[in-house]
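# Survey of secondary and tertiary structure
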Amino acid sequence: MTGLLIPPLKADAPAPPRRPARFRGTPPWLLAVAALCAATAAIPLVYLVVRTTEAGLAELLATLVRPRVLQLTINTVMLATAVTLSCLVLGTICAWILTRIRLPFQRTLLLVSALPLAVPSYLAAYGWLVWFPHLNGFWASWFVMTMVCTPYVTLPVAAALRGASADLESVARTLGRGPLRAFAAATWPQIRPAAIAGALLVCLYSLSDFGLVSMLRFQTLTWGINAAYGASFDRNQAALLALVLVVLALVVVAGERRSRRQVGRVPGRSTMPARAPGKTGPLCAVVLLAAPIAGVVVPVVGLLSRLLEAETLRAIDVPRLLEAIAATLGLALAAAVVAVVIALPIAALAARYQGRLVAVIEAVGFLGHALPGIVVGLSLVFFALAAVPMFYQTSVVLVFAYVVLFMPRAIGSVRSGIAAVPASLGDVSRMLGLSPFQTWWRVTARLALPGIAIGALLVAISAMKELPATLLLRPTGVSTLATELWSRTALFEFGAAAPYAAALVLVAMVPAVLLSGIRGTAREN
Amino acid sequence: MGWVAIDGLRVAYGDTRVLDDVSLRIPRGSLVAVLGPSGCGKTTLLRAVAGLLPVTAGTITVGGRLVTGPGVQRAPEKRGMGWVPQDASLFPHLTVGENIGFGLPRNKQSDDLYCESGEAPRGVFGLFAGLTRRGREYRTRPAALPVNAAASDAPADNRLAPVPIAPDRSRQNSRAARIDELASLVGLSELVDRAPSQLSGGQAQRVSLARALAPRPDLMLLDEPFTALDPLLRSALRTEVAALLRDQHNTSLLVTHDQEEALSLADFVAVMRGGEILQFGTPANVYERPVNPWVAGFVGDTVELDGLWRAGRVECALGTLPADWMGGSSAPADGTPVLVLLRPEWLTLAAPLAEQQTDAITTAIAYAGHDALVSFTLTGGIVVRARVAAPGLPRIGDRVALGVRQNALAYPLG
């Protein structure tokens, strides 16, 4: 069967390809700047390791096998595995329905199935708690988390399915395979990288989630870290738990890298003739809408019902709410700007040059992707106390934490923005007499601007929603919408939490709207 | 010495040599085509001349000024060369007019920015013509060239005569006027406000050409500029572009893998293979006296036969033909086996009075309208192909007499 997947030999070689970028040699100054920027992303991890090993190896091992630590680790792994598997199945089915069955309002359905991404997990948990205050434990966490995370699989798999050659599946059918076996043999290998990449996001998300599991009272490592840190007499314990969590996350990332086997693209008609839904229509709709309803509609309706109660409206502390909104916006804006500035050299390097060193620098820049927010927060608490005490409990450290955590998003979109600018335009500009920096300013940066802006907005959205790092690092007296929501819910004051939850949804919508605008114009160009 | 002189140029990546001791002279005002198969290093040569990639060894001088040499690697923007890439590469965020004007100084202030340090505006720009953008602005060239210099067979020395720097006529030419001038030159005056995405492939390539010409480059570099176009448009546009470059008395270096393009456009053709220049000469020279059988086969159709050398003639299946020895200084001893090479159009039909002729049977005809490539089987079963002008083609099975119009070429075997 694998024979089917070998791309056909190119009959006639096309005109000689453009010289690969590496032929021009990487400018050393760019390498140096990018390496420096990437190094900042490594600070939390490095410092965490240093801090933990200071305690001594023997003590480390002794703590590690304590039943408490083991229990937290098992809980975390169980939840992450269960959520990843269920998201993988549900997301793939949703993607298949979205691309292969002719349903009404197809574009709207795609948009709707992406919606749960906009809701932070703790908000979803809050929404469910409003309806069912006694919800708790593994199954509740598993259910809500699955509903929130499914789009991470649905969206990339749907995109891959749309790009996958349907001819292969037809060929497999004519060679005698049934529909399911034909799908497994011909189509699955083509969408597998996308599915695994999506599953990786889900797995990392559920490993590092703090708000949801804490609200639903399921004790995982993140919960344990926060508890140990809060207890404050045993910060070594917190550091150790954080290290365990980081190791888990890195194992997952490494596993994904290994299993990412490249499949050559198969040319062919990309669209399978979508079939009419027939009797299965309602069933398809139910499967598709499960995640949006459970992940968005239920929590938001719960939130609104609480918000519109007269008692809540009367109790809204308007100045405090406005203060939280301002703090949220200000921190997110600062994080977006700094993250893009730091991501820029890394992205420029990765977009234009190749090589081992470039790959390493980019990978280090992406480290934040694998680091749970609570780990970065904790590590930066230690780091700030030890290295830069004047910044401890200031916005500087908090913004820096956001930058480390969300820089990968900026690198990703800035890099693709720059890579989309043909290198030949730069050559032409140089030949017309512009220096490298003039070329960068007047051509490359100008054309990559949508990508850069998208990167900034993605960072802003994520920073607004980030909870655990904010909890650990926020300056005294400053609270954001996320922390206000958190502290109200922790006290079961669901009504008092409602205005903050609503404000968070609204505020996070601003960059999202800007984002769709930019994407629209970028597509027109 | 040519206007552009490339000496011992070598580009290597690790152990792989992409260019190996390439030397090339480009006379002023002429168009030189570098012709070679894919991957022969011709694009690398062009990029090395442009300064877009570092060279391992060798020197490049343009108009007597060193741009690449030991310890010298002038930045691409300071070489004063124009670049027309394969895919036009217009700036998508600028209009056609802004694209054409991209390389022109925007105003007085930015004009000064283009001067190199130590060359702050002084009254002697003429002396530095070509060194700086401003210097180039002050130079006019077309009128200064002798008219006969453009003819391809004029002696090379003629073109190398120093060109007097004319008084700066273009000083008053403002940026906008220059853009208009070039837009009308390439026939796109109506389109200056369009976005590049609204242009056809041919129009985009013209804009790209106008953009490169605008700052009056010392040397135009054209990187297979016509390959991305469809065949009909390609031949029309390339004739037009060659005429335009010639009118502007531009010195140009064109890279191509299309022999028809190279032979029809260029004043000189350099045939390249495996990072080396095998032959440099006029198109007629390269086509009619190729230095070896590979070059012969690359630039056109060939008829190859085994033969024996007999004092200025060769014995082969077509009889005993007058031949030129192409294998080096001294002709070989009589009776040496040689490779006899002819062009299909050197064979003629039915010339019963010709000195040399051979009986042959027509066995296949590849009809092409204006002419046909006809295969003849000679006695002994050897097949040769001749290009026969269209009316009066033989029919299959016809017995004809074959003659040869021109001295055959004899190459050493192996």
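The rules behind these values
Residues numbered from 1 in each chain as written. Chains lettered and ligands numbered in written order. Predicted model: local features only at pLDDT ≥ 70, side-chain atom pairs only at ≥ 80, totals over all residues. Helix = DSSP H or I, 4+ residues; strand = E, 2+ residues; numbered from the N terminus. Contact = placed C-beta atoms within 7 Å. Pairing = 2+ DSSP bridges. Axes fitted to C-alpha atoms, helices over the stretch in contact; angles between N-to-C directions. Bend = angle between axes of the 7 residues up to and from the residue. Buried ≥ 20, exposed ≤ 12 C-beta atoms within 10 Å, placed from the backbone. Nonpolar A, V, L, I, M, F, W, Y, C, P; charged D, E, K, R; others polar. Parallel < 35°, antiparallel > 145°, perpendicular 65-115°, else oblique. Left-handed = near helix turned anticlockwise from the far one by under 90°. Core = buried A, V, L, I, M, F, W, Y, C linked by C-beta atoms within 7 Å. Domains from an automatic or database assignment.

Right, let's talk about the overall build of chain A for a bit. Counting its secondary structure elements, chain A contains 23 helices and zero strands. A separation threshold of at least 6 residues defines the contact pool for chain A, and within that pool the share at least 24 residues apart is 85%.

Before going further, it helps to examine the sheet that holds strand β13 (residues 313-316) of chain B. Residues and elements named next belong to chain B. Strands sit in the order β12-β13-β14-β21-β15 around a closed barrel of five strands; the barrel is mixed. Strand-to-strand, the axes of this sheet are offset by a mean angle of 50 degrees, without reference to chain direction. Pairing analysis gives four bridges linking β13 to strand β14 (residues 319-325), with the strands arranged antiparallel. When the sheet's bridge partners are listed, Glu-315 is paired in β14 with Thr-320.

Within helix α12 (residues 281-307) of chain A, the axis deviates most sharply at Ile-293 of chain A, by approximately 45 degrees. Buried within α12 of chain A are the following residues: Leu-288, Ala-291, Pro-292, Ala-294, Gly-295, Val-296, Pro-299, Gly-302, Leu-303 and Arg-306 of chain A.

The next point concerns the sheet that holds strand β9 (residues 252-256) of chain B. Residues and elements named next belong to chain B. The six strands are arranged β7-β8-β9-β3-β10-β11 in an open sheet whose pairing can be described as mixed. Each of the sheet's edge strands pairs with one partner strand only, and the pair in question is β7 (81-84) and β11 (276-281). Across the sheet, the axes of successive neighbouring strands diverge by a mean angle of 20 degrees, strand direction being ignored. For strand β8 (residues 219-223) and β9, the ladder comprises four bridges, and the chain directions are parallel. In the sheet register, Asp-223 faces β9, and the bridge partner there is Val-255.

Before going further, it helps to spend a moment on the interface of chain B and chain A. On the side of chain A, 22 residues touch chain B, which itself brings 28 residues to the contact. The residue inventory of the side of chain B that touches chain A, partitioned by class, reads 14 nonpolar, eight polar and six charged.

Glancing now at the environment of Val-375 of chain A. Residues and elements named next belong to chain A. Here Val-375 is to be found in helix α17 (residues 373-386). A sequence separation of 133 residues divides Val-375 from Ala-242, and the C-alpha atoms of the two residues are 5.4 Å apart. In this view, Val-375 contacts Pro-44, Leu-48, Ala-242, Leu-245 and Val-246; residues no more than four positions away in its chain are not counted.

Moving on: the packing of helix α5 (residues 121-131) of chain A against α12 of chain A. All names here are of chain A. Contact geometry of α5 with α12 gives a least axis separation of 8 Å together with a crossing angle of 60 degrees. As far as their axial angle goes, α12 and α5 are oblique. Considering how the two elements wind past one another, α5 and α12 form a crossing that is left-handed. When α5 is examined against α12, the residues Leu-123, Ala-124, Tyr-126, Gly-127, Trp-128, Val-130 and Trp-131 are found in contact with a partner set consisting of Gly-295, Val-298, Pro-299, Val-300, Gly-302, Leu-303 and Arg-306. Within the contact of α5 with α12, the residues separate by chemical class into 10 nonpolar, three polar and one charged.

All names here are of chain A. For helix α22 (residues 481-490), the tally of buried residues reaches seven of 10 residues, placing the bulk of the element in the interior. Where α22 is concerned, the buried positions are Leu-481, Ala-482, Thr-483, Glu-484, Leu-485, Trp-486 and Thr-489. At the exit of α22 stands Phe-492, carrying a positive phi of roughly 60 degrees.

This part takes up unusual backbone geometry. All names here are of chain B. Non-glycine residue Ala-88 carries a positive phi angle of around 65 degrees. For Ala-88, the location among the structural elements is in the loop between β7 and α2 (96-100). In this structure, Ala-311 is a non-glycine residue whose phi angle is positive, near 45 degrees. Relative to the assigned elements, Ala-311 resides in the loop between β12 (303-310) and β13.

This next bit is on the nonpolar core. Counting residues in each nonpolar core, the largest one holds 157 residues, and the members touching the most others are Ala-335, Ala-339 and Leu-504 of chain A. Of the residues forming this core, the biggest block, 18 residues, is contributed by helix α14 (residues 318-352) of chain A. Two domains each put at least three residues into this core: domain 1 (26-43 + 308-525) and domain 2 (66-267 + 275-286) of chain A. If you look at the next biggest cluster of nonpolar residues, it comprises 104 residues, including Leu-19, Val-84, Leu-209 and Val-241 of chain B.

Moving on, we get to the environment of Val-291 of chain B. Residues and elements named next belong to chain B. Position of Val-291 relative to the elements: it lies in the loop between α10 (283-288) and α11 (293-299). On the basis of neighbour counts, which here come to 17 C-beta atoms within 10 Å, the residue Val-291 falls in the partly exposed class. Between the C-alpha atoms of Val-291 and Phe-280, which are 11 residues apart in sequence, the distance is 9.6 Å. Residues within four places of Val-291 in sequence aside, it is in contact with Leu-278 and Gln-279.

On to the domain arrangement of chain A, then. All names here are of chain A. Structurally, chain A comprises domain 1 (26-43 + 308-525) and domain 2 (66-267 + 275-286). The C-alpha-based centres of domain 1 and domain 2 are spaced at 23 Å. Taken residue by residue, the interface counts 21 residues in domain 1 and 25 residues in domain 2. Of the residues forming the side of domain 1 that touches domain 2, the biggest block, six residues, is contributed by helix α23 (residues 494-524). When grouped by side-chain class, the residues that make up the side of domain 1 that touches domain 2 number 17 nonpolar, three polar and one charged.

Residue and element names in this part refer to chain B. Here seven bridges tie strand β17 (residues 358-367) to strand β18 (residues 371-378), and the two strands are oriented antiparallel to one another. When the bridges of β18 are listed, Ala-366 appears paired with Leu-373. Counting the residues in the hairpin turn of β17 and β18 gives three residues, including Gly-369, whose phi is positive at 85 degrees. Taken together, β18 and the strand that follows it, strand β19 (residues 383-389), pair antiparallel across an intervening segment of four residues, in which Gly-380 is found at a positive phi of about 95 degrees.

On to the pairing of β14 of chain B. On a regular strand, one side chain projects to one face of the sheet and the next to the other, so that they alternate. All names here are of chain B. In textbook terms, the turn of a hairpin is the stretch between consecutive antiparallel strands, and for β13 and β14 this stretch comprises two residues. Summarising the sheet, β14 and strand β21 (residues 408-412) pair through three bridges and their orientation is parallel. Residue pairing across strands places Asp-324 opposite Leu-409, the latter belonging to β21.

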